[in-house]
Amino acid sequence: MPTPSMEDYIEQIYMLIEEKGYARVSDIAEALSVHPSSVTKMVQKLDRDQYLNYEKYRGLVLTAKGKKIGKRLVYRHELLEQFLEIIGVDDENIYEDVEGIEHHLSWNSIDRIGDLVQYFEEDETRIKGLRQVQENNEKETT
């Protein structure tokens, strides 16, 4: 299993390739706000662990294993954003909150959150009902 740091790199590489068709060390460094030398070290490790194929000065390509994990990591991130939005977390907090929790949840928890998101999205009145409960609770605390 990849470490949380490896997951961040795989997720970012996957998103860059989906968006641009390629991922360069400089693009990864910019997206993750790290030095290119740090990216090079991690990319070499991901290459050794067979998540991607890396050739110096030629670029990198995710392996089937890397693509599968990358897709799942992007799904996890997007699902957690949806979940936090549904439960009423302020928009300006969602990204940082997801970054803070995404590596600490089991895939079983992620799957259950997916079930809950699906439950709410199947019927808009469920989300409206949740909002009403939240409004009532806020009124009680003020």
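Residues numbered from 1 in each chain as written. Predicted model: local features only at pLDDT ≥ 70, side-chain atom pairs only at ≥ 80, totals over all residues. Heavy atoms only, no water.

**Q** Break down the side chain of glutamate 102 for me, citing the residues and quoting the values.
**A** Mapped onto the elements, glutamate 102 comes out in the loop between α5 (91–101) and α6 (107–122). Judged by relative accessible area, glutamate 102 falls into the buried class, the value being 0%. In contact with glutamate 102, other than residues within four places in its own chain, are Asp8, Glu11, Arg76, His77 and Leu80. (Helix = DSSP H or I, 4+ residues; strand = E, 2+ residues; numbered from the N terminus. Buried < 20%, exposed > 50% of the residue type's maximum accessible area, 1.4 Å probe, protein only. Contact = heavy atoms within 4.5 Å.)

**Q** Quick rundown of the nonpolar core? Include the residues and the values.
**A** Counting 21 residues, the largest nonpolar core has Ile13, Ile28, Val39, Leu46, Leu52 and Leu60 as the members making the most contacts within it. Examining the composition of this core, we find that 6 residues originate from one element, helix α1 (residues 4–20), more than from any other. Other than its neighbours up to four places away in sequence, isoleucine 28 contacts Tyr9, Ile13, Leu16, Ala23, Val39 and Leu60. Membership of the second largest hydrophobic core comes to 12 residues, among which are Leu79, Leu84, Ile86 and Val98. (Core = buried A, V, L, I, M, F, W, Y, C linked by side-chain atoms within 4.5 Å.)

**Q** I'd like a description of the side chain of glutamate 11, backed by residues and values.
**A** Its location among the elements puts glutamate 11 in helix α1. As a buried residue without a salt bridge, glutamate 11 has its nearest oppositely charged side chain in arginine 76, at a separation of 5.0 Å. Glutamate 11 has contacts with Leu73, Val74, His77 and Glu102, leaving out every residue within four places of it along the chain. (Lys, Arg positive; Asp, Glu negative; His and termini not counted. Salt bridge = Lys/Arg side-chain N within 4 Å of Asp/Glu carboxyl O.)

**Q** Let's hear about the UniProt feature "binding site: Mn(2+) 1" (unreviewed entry) in the protein chain: which residues, and what values?
**A** Listed under "binding site: Mn(2+) 1" (unreviewed entry) in the UniProt record, and renumbered for this structure, are Asp8, Glu99, Glu102 and His103. Over a stretch of 96 residues, the named residues converge on one spot in the fold, their C-alpha atoms separated by at most 10.1 Å. The subset of the named residues that lines the largest pocket consists of Asp8 and Glu99. Structurally, glutamate 99 can be placed in helix α5. Here glutamate 99 falls in the partly exposed class, since its relative accessible area comes to 25%. Of the polar contacts made by the side chain of glutamate 99, one reaches the side chain of histidine 77; its length is 3.5 Å. (UniProt positions renumbered as here; feature names shortened; annotations may be inferred. 1 Å grid on protein atoms, 1.4 Å probe; cavity = no way out; pocket = protein on both sides within 12 Å on 5 of 7 lines; lining within 4 Å. Polar contact = N/O pair within 3.5 Å; in protein donor to acceptor, adjacent residues only side chain to side chain.)

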